[in-house]
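For reference, the chains in residue letters:
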Amino acid sequence: MGFLISSLLDIFGFGIGIPVGILVGFFLFVYSEPKDVQEQDVRPLSQLDSSSLVDILPDLPFWVKNPDYDRVDWLNKFILNMWPYLDKAICETIKSTAQPIFDEYIGKYQIEAIEFEKLSLGTLPPVLQGIKVYETNEKELTMEPAIKWAGNPNIILVLTLCSFPIRIQLVDLQIFAAPRIILKPLVPTFPCFASLVLSLMEKPHIDFGWNILGGDIMSIPGLYRFVQETIKKEVAKLYLWPQTLEIPILDATTGATKKPVGILNVKVVRAFKLLKMDFLGASDPYVKLHLSGERLPAKRTTVKRKNLNPEWNENFKFIVRDPHTQVLELHVYDWDKVGGHDKLGMQLVPLKLLAPHEAHEFTLDLLKNTNISDTHKKQRGKIVVELTFDPFKEENELSSGHLNGYGKKESGISRNSDDDTLSGAGLLLVTIQGAEDVEGQRHNNPYAEILFRGEKKKTKMMKKTRDPLWNEEFQFMLEEPPLGEKIHIQVMSHRSGFSFRSKESLGHVDIDLTDVVHNGRINDKYHLINSKNGQIHLVIRWKMI
């Protein structure tokens, strides 16, 4: 009998002792702090042996280990001085952003309130261990900073659950990240870039402590590694290159010219019952056409002599940049040999009324102006026009493309494409960005000339410089792709004032447009022929309907 009772007591003691021992040991492990902290031995690198150098190598700044990274001590000093103000600004942003999210959970799962008891990022700012800047031919600035932050934040979140407050505190935060920051496109409007594009080049390292009810739950075996891997996986899923986060800074229309999206085909058919403006009871009408938002001169039809019901059947093409807001302006005039031309009437056609690739015929009443409040409307006749909007093919329609070094999809058509795929009308866009090291024998006032299919266009002249920046775009609307054709571009210099030898060639280049048609776009610098060191930066694009 005594043996049975002794066995039962042993089993009971073993069952109670193990959980109590684990619980006591856990709390002693969590709340215990080291008593003996040795002072660090600080010595110069020259006095360290090889094993010590290997130990400290991961902590060395990037500008020490990698020559591509620049040292930015001045920027770290600037951040340090600004940190008290940045801390308050960032915390206010966190509060305003988190509050709507907290409000969604109040009333659910017995949650009565969620609020920050304390919110501060601490006194230690992030440190840039170096920064690498890329030079590209695009209108963008690309840089990769190495950021390390061993902060001392004081963030306490109070969760009131069933009238019982639960305090959650974030402590000992450490973050190491290598983001890529792209400012694009660069525009002549402050802050001189329209958007900020962020991506991570490698998975970030994030380490922190998480105190709940006074105990660091990250000390629980297995939980620390699970949280670490989960955070890395979720962040990488969202922002690891080639995934990006784009933050708009300026409105899309501010400071930047919108890219062409299609071609508007206009056929001026006829007009009838026009006003009699001439002394003998007739008019000499013609039509001027202009697309809003374009700086190019207006286009015009031929003049029909002494005709109140003229027929033109003339075709025109316009480059469309925003079909939702642009408007086609039609102005009918009476041509006069002497003096100004009399206005017969006008009308507007919003492009948003047009469906892609569908011809629309409009019979429009001519108006004196666009003033709606004008009640004295005189019959000025009608005009008939036919409009067709042909948008350019999207890049993914041309080819599946591939990713370049910056995570962008390169437009283009495979060189093995059939001729049928390459045929069709389109738009050739030539952008002359600038030139470098162009030097004349007598003067340096460079400008660029483009010669293509007998048509000559030129940039503005830049005075007294060897490195002109033009950034001018020229357009050529073509019925067929320019396969096998070349475009001639030369840099000239013009002497200011009168001179018998006022012009001088600074070099030229001939570009084969076959590559442009196949690839959709080229962006490169070319050495100028007959120039010692001169280069010209060109961006040429082919947009196909």
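Residues numbered from 1 in each chain as written. Predicted model: local features only at pLDDT ≥ 70, side-chain atom pairs only at ≥ 80, totals over all residues. Heavy atoms only, no water.

Novice: An account of the pairing of strand β6 (residues 179–186) is needed here, citing residue identities and associated values.
Specialist: As paired elements, strand β3 (residues 141–150) and β6 share 3 bridges and run antiparallel to each other. Within the sheet, the bridge partner assigned to L141 lies in β6 and is L183. Both β6 and strand β7 (residues 193–200) contribute to a ladder of 7 bridges, which runs antiparallel. For K184, the partnering residue across the bridge sits in β7 and is S195. Hairpin geometry of β6 and β7 is characterised by an intervening segment of 6 residues between the two adjacent antiparallel strands and by a positive phi of about 75 degrees at C192. (Pairing = 2+ DSSP bridges. Helix = DSSP H or I, 4+ residues; strand = E, 2+ residues; numbered from the N terminus.)

Novice: An account of the packing of aromatic side chains is requested, with residue identities and associated values reported.
Specialist: With the rule as written, the count across this model stands at 4 aromatic pairs. Between W83 and W149, the aromatic rings sit 6.0 Å apart at their centres with planes inclined by 70 degrees, giving edge-to-face as the arrangement. With W83 in helix α4 (residues 73–105) and W149 in strand β3, this residue pair connects regions lying 66 residues apart in the sequence. Given a relative accessible area of 6%, W83 falls into the buried group. For W149, a relative accessible area of 11% gives the class buried. Over the ring of W335 we find R305, and its NZ or CZ is 4.1 Å from the ring centre. (Phe/Tyr/Trp six-rings, centres within 6.5 Å; stacked < 30°, edge-to-face > 60°. Buried < 20%, exposed > 50% of the residue type's maximum accessible area, 1.4 Å probe, protein only. Lys NZ or Arg CZ within 6 Å of the ring centre and 35° of its normal.)

Novice: Mind laying out the confidence of the model for the protein chain, listing which residues take part and the relevant values?
Specialist: With 78% of its residues at a pLDDT of 70 or more, the protein chain shows a mean pLDDT of 80. Note that pLDDT drops below 50 for residues 398–418; the model gives that stretch 47 contacts with residues more than four away or on any other chain. (pLDDT = per-residue confidence, 0-100. Contact = heavy atoms within 4.5 Å.)

Novice: Account for a nonpolar patch on the surface, with residues named and values stated.
Specialist: A contiguous nonpolar patch, built from F78, M82, Y85, L86, I90 and I94 and spanning about 540 Å² of accessible area, is present on the exposed surface. Here L86 lies in helix α4. A relative accessible area of 33% means that L86 is categorised as partly exposed. (Patch = residues over 30% accessible without salt bridge, like charges linked within 9 Å, V, L, I, M, F, W, Y side chains within 5 Å. Areas by Shrake-Rupley, 256 points an atom, 1.4 Å probe, with all protein chains shown as cover. Salt bridge = Lys/Arg side-chain N within 4 Å of Asp/Glu carboxyl O.)

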